[in-house]
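# A look at the structure
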Amino acid sequence: MGNEAMARGLVEAGVTLAASYPGTPASEILQAVPGLAREAGIALHAEWSVNEKVAYETALANSMSGRRSAVSMKQVGLNVASDPFMRSAYLGVKGGLVVIAADDPGPHSSQTEQDSRFFAMFAKIPVLDPSSPREAKAMVGQALRLSEKYEIPVMLRPTTRVCHARQNVPLFEPQRLERTAHFEKNPGRWCATPQYLRELHRLLNQKIAEIALEEEFYPVLTPGDDSFPGVCLIASGVALAHTWDLLEEMDLLRRVDLYQVNLPYPLHRHFISHIKLHYQRVLVLEETYPVMEMQLAGDQVQGRNTKTVPGEGELTPQVLRQVLERFLNLPPAASAAPPAGEATRPTLCAGCAHRAAFYAIRETFPEGIFPSDIGCYTLGLNLGAVDTCHCMGAGISQAAGFYRAFAAAGEKVPTIVATIGDSTFFHAGVPALINAVFHQARFILVILDNATTAMTGHQPTPEKGLTAGGQQAHPVFMTDLVRACGVRFLKEADPYDIPGFVSLLQEADRYCRGADGGVAVIIAKHLCILDREARKAQPAWEICVTEDCTGCRHCLDDFECPALHLDEATYQVVIDRARCSGCGVCVHVCPVGAIEARVTK
Amino acid sequence: MKQQIIVSGLGGQGALTLTRLLAEAAAALDLEVLTSETHGMAQRGGTVISMIKVGPFRGPLIPPGRADVGLFLALKNLAVHRLYLKHDAAVFVNSPVPGDFQNIDAQGLARQMGAAVAANLILLGFAAAREGLFCGVELMEDLIREKLPPRFRETNLQAFRLGVAAAG
């Protein structure tokens, strides 16, 4: 997998510290690092940091100590790390620092389809754009060498189609740099106050100007045969790979000039003048924003800005084929029939405790407002128990904001129930909770604690007491944290017990509305059902639907367990034995008591 | 040698395992290979698709109308992903009811075996035995033995062989 290839690239390039926070499509990079380092006998510190900003700063200090470092994240993670990212361009690095920001054109599994190359351009940090797992792996070393030559962080920007592509890649002997940690104090640089920054900015501009002349990064030309005089295609990343395959399929490969750009920012200065001098019609193909197009800017240049290429969305072979046909004035090929069926939407797993918690919340407060957050539990929107999903930690601040909106307007405040996962709480929930408590907001916060980062592949949280490499560590307890945030109402409960959970929610609501009320926190504790051991350890009931089922659909529409189906013939609910986990929660859901749990073995 | 394969299913059905096995098979045969997978939210029971391109390709995606083989773990996905198939593509579907494709009730067979999650390997065995794939039955068996978790080895092999046997 592309992510594993980059992880191997980090090990081969002599990186001694890699930090990350999980997020699709970047999660498997750091996940693969400890194992690959161990296999190669390399001493390397790999960590799941509490968030991307922390990951970035940790890697940065390792680099300031002269050692090669890496930080990886998904594109919106870079938003969280943007503060250290921007400043590190000015102050620079010592040991090479590669920033892997994985983009998600489409998007497939993200809040935006923002282009991290644009962020790199904004920060004045060079960025490499691989078109395949093999290139991504090779570019790790390239990035670190460039980083050390100019003492500047270098971004490597793969996209989903590189991260989650598999390809055979060559392996090389890991470099053993044997560098000691050495931090040279230099307050004018490492503590740069405004008086130094103008000079540091001048130096940064000079570095970028010099990098824009690096021969190594002059775009690679696959020349045409004059079938299309004065015309060229310029592509980077996976758009180049798709374009290559399409041209081959259309019998146009090596008939039109095709440039592959590996370093889209800064674009090679001589390349820009060469293009302007030699071509009358230029098509730029890149994901997702017009980064190269803007640097090439000129009347002959077409791309996203000129609407020759759609302004949004992934550049799939389908999209690119139409763009190429139009640009090269070719007759359009017969287009494929659009899909006739609807894709199946994802849902919480059968037996997931989040479903139980959401069901209880929505049933208890049918008029409530439910801000939520980023994770598996965003799927609570299928249950009508998630009204907002913005960015990491936002649910808690939004709950406080909703409270203020209604309270200040002098209106009856509806019950506000924010939900957040345990990993997200550690990531960005803590400052939001301190703020809400201090400013006397009144809402219920349900922390959905399944003891893992489930959505991205079960990375451990600080409460788990396990490091990325699988070593034991002292856990940081959620309850301690919540209390330290100033919360005075804190209860833990297993949401499987729906009646108990409902009465707890009612108690929390009374607290919120009491004379001395505030933020009420309930930790909904139940291990992730995908945790094999946990699943084995919990009782599994044999669930049966009796003849009393009226086919009212309440359990199907409002509980949405994938193990419950409606038998069209009898118009009664049936249990899908292959999917049912035997959790027994649905017993509490049926309004006529037609679902029964029987003891098995 | 060029072959383009799509594996279509629902999150949790094991489309990724089939993708990995097919990629390993290509590597074992010294063929170039590129795959593309669905990760993230859709893995929670949503529609997923993997693409496997064997041969000298550079991009991991298959354009519409270009796939030589389709492995469908869910019948209802046929409507969603059929557009990727060539007109004469070999199409293998996990379905108790026949259609304009080669069907096998992989789910039913897996349930009988007592391993509902192994339907993916039953479908793979079926397709390999019908000679729909660039690689043969024996190589696949070796890879299931070597590359998949040892504690499910016997179940996986049994499922795969069940699919092979059903191919007749």
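## Observations regarding the overall build of chain B
Assigned secondary structure in chain B consists of 6 helices and 6 strands. Listing the helices and strands of chain B from first to last along the sequence gives β-α-β-β-β-α-β-β-α-α-α-α. Against the 2.2 N^0.38 benchmark of 15 Å for 168 residues, chain B shows a C-alpha radius of gyration of 14 Å, consistent with a compact globule. Every one of the 168 residues in chain B was classed for burial, and the buried ones make up 60%. Sequence-distant contacts in chain B: of pairs separated by 6 or more residues, those separated by 24 or more amount to 58%.

## Considering the sheet that holds strand β6 (residues 154–156) of chain A
Residues and elements named next belong to chain A. What the 6 strands build is an open sheet, ordered β2-β1-β3-β4-β6-β5; its pairing is parallel. Edge strands, defined here as strands with exactly one partner in the open sheet, are β2 (45–48) and β5 (127–128). In the sheet, strand β4 (residues 97–102) pairs with β6 via 3 bridges, with the strands oriented parallel. Following the sheet pairing, Val 98 is matched in β6 by Val 154.

## Considering the sheet that holds strand β9 (residues 231–236) of chain A
Residues and elements named next belong to chain A. With respect to topology, 5 strands assemble into an open sheet ordered β8-β10-β9-β11-β12, the strand pairing being mixed. Both outer strands of the open sheet, β8 (220–222) and β12 (301–302), are each paired with one neighbouring strand and no more. Judged from the 5 bridges that link them, β9 and strand β11 (residues 281–285) form a sheet pairing that is parallel. Bridged to Leu 233 within β11 is Leu 283. Contacting β9, β10 (257–261) and β11, helix α11 (residues 237–249) crosses the sheet at an angle of about 130° to β9.

## Remarks on the nonpolar core
Burial of nonpolar side chains together is a common tendency in soluble globular proteins. Membership of the largest hydrophobic core comes to 239 residues, with the highest contact counts inside it found for Ala399(A), Phe443(A), Ile444(A), Leu445(A), Ile122(B) and Leu123(B). It is helix α4 (residues 119–129) of chain B that contributes the most residues to this core, 9 residues altogether. Ignoring anything within four residues of it in the chain, the contact list for Phe443(A) reads Ala399(A), Ala400(A), Tyr403(A), Ile416(A), Val417(A), Ala418(A), Cys512(A) and Val519(A).

## Looking at the domain arrangement of chain A
Often the size quoted for an interface is simply the accessible area lost on bringing the parts together. Residue and element names in this part refer to chain A. Taken domain by domain, chain A holds domain 1 (2–211), domain 2 (217–327), domain 3 (353–531) and domain 4 (539–599). Here the C-alpha centre of domain 2 lies 27 Å away from the C-alpha centre of domain 1. On the side of domain 2, 20 residues touch domain 1, which itself brings 21 residues to the contact. For the side of domain 1 that touches domain 2, the secondary-structure elements that each account for two or more residues are α6 (116–123), β5, α8 (160–163) and α10 (194–211). Residues of the side of domain 1 that touches domain 2, tallied by class, amount to 11 nonpolar, 4 polar and 6 charged.

## Comments concerning the environment of Gly395(A)
Residues and elements named next belong to chain A. Structurally, Gly 395 is set in helix α16 (residues 394–408). Counting along the chain gives 14 residues from Gly 395 to Leu 381, while the straight-line C-alpha distance between them is 13 Å. Here Gly 395 is in contact with Pro 371, Ser 372, Asp 373, Thr 388, Ala 418, Thr 419 and Ile 420, once residues within four sequence places are set aside.

## With respect to the pairing of strand β21 (residues 572–575) of chain A
Residue and element names in this part refer to chain A. Examined bridge by bridge, strand β20 (residues 564–567) and β21 share 4 bridges and lie antiparallel to one another. When the sheet's bridge partners are listed, His 565 is paired in β21 with Val 574. Hairpin connection of β20 to β21: 4 residues between the antiparallel strands, including Tyr 571 at a positive phi of 55°.

## Some words on helix α1 (residues 2–12) of chain A
With 11 of 11 residues buried, α1(A) is to be regarded as a mostly interior element. Within the sequence span of α1(A), burial applies to Gly2(A), Asn3(A), Glu4(A), Ala5(A), Met6(A), Ala7(A), Arg8(A), Gly9(A), Leu10(A), Val11(A) and Glu12(A).

## Some words on the interface of chain B and chain A
Tallying the contact residues gives 32 residues for chain B and 38 residues for chain A. Those elements that place two or more of their residues in the side of chain B that touches chain A are α1 (15–28), β2 (33–36) and α2 (77–81) of chain B. A breakdown of the residues in the side of chain B that touches chain A according to their chemical character gives 16 nonpolar, 10 polar and 6 charged. Bridge count between strand β7 (residues 165–167) of chain A and β2(B): 3 bridges; the pairing is antiparallel. Residue pairing for β2(B): Arg166(A) is matched across the bridge by Thr35(B).

## A look at the environment of Thr16(A)
Residue and element names in this part refer to chain A. In this fold, Thr 16 is placed in the loop between α1 and β1 (17–20). Put simply, Thr 16 and His 270 are 254 residues apart on the chain and 36 Å apart in space, counted from C-alpha to C-alpha. Among residues more than four places away in sequence, those in contact with Thr 16 are Ala 43, Leu 44, His 45, Asn 62, Arg 67 and Arg 68.

## Details of the pairing of β4(A)
Residues and elements named next belong to chain A. In terms of residue burial, β4 counts as a mostly covered element, since 6 of its 6 residues are buried. Of the two faces of β4, the one holding Leu 97, Val 99 and Ala 101 and the one holding Val 98, Ile 100 and Ala 102 are both buried throughout. As paired strands, strand β3 (residues 69–74) and β4 are joined by 6 bridges and run parallel to one another. The residue of β4 that forms the bridge with Ala 70 is Val 98.

## Thoughts on the environment of Gly470(A)
Topologically, Gly470(A) is positioned in the loop between β16 (443–449) and α18 (478–484). Each C-alpha atom, one on Gly470(A) and one on Gly35(A), is 9.8 Å from the other, the two residues being 435 residues apart in sequence.

## Points about unusual backbone geometry
One can expect most non-glycine residues to show negative phi and most peptide bonds to be in trans. Residue and element names in this part refer to chain A. That bond from Gly 106 to Pro 107 is cis: its omega, -25°, falls within 30 degrees of zero. Within the secondary structure, Pro 107 sits in the loop between β4 and α6. A cis geometry characterises the amide bond from Tyr 265 onward to Pro 266, with omega recorded as -10°. For Lys 124, which is not a glycine, the phi torsion comes out positive at approximately 60°.

## Brief notes about the confidence of the model for chain B
Per-residue confidence for chain B averages 94 on the pLDDT scale, and 100% of its residues sit at or above 70. This complex was scored by the predictor with a pTM of 0.95 and an ipTM of 0.91.

Rules behind the numbers
- Residues numbered from 1 in each chain as written.
- Chains lettered and ligands numbered in written order.
- Predicted model: local features only at pLDDT ≥ 70, side-chain atom pairs only at ≥ 80, totals over all residues.
- Helix = DSSP H or I, 4+ residues; strand = E, 2+ residues; numbered from the N terminus.
- Rg over C-alpha atoms; globule rule 2.2 N^0.38 Å.
- Buried ≥ 20, exposed ≤ 12 C-beta atoms within 10 Å, placed from the backbone.
- Contact = placed C-beta atoms within 7 Å.
- Pairing = 2+ DSSP bridges.
- Axes fitted to C-alpha atoms, helices over the stretch in contact; angles between N-to-C directions.
- Core = buried A, V, L, I, M, F, W, Y, C linked by C-beta atoms within 7 Å.
- Domains from an automatic or database assignment.
- Nonpolar A, V, L, I, M, F, W, Y, C, P; charged D, E, K, R; others polar.
- pLDDT = per-residue confidence, 0-100.

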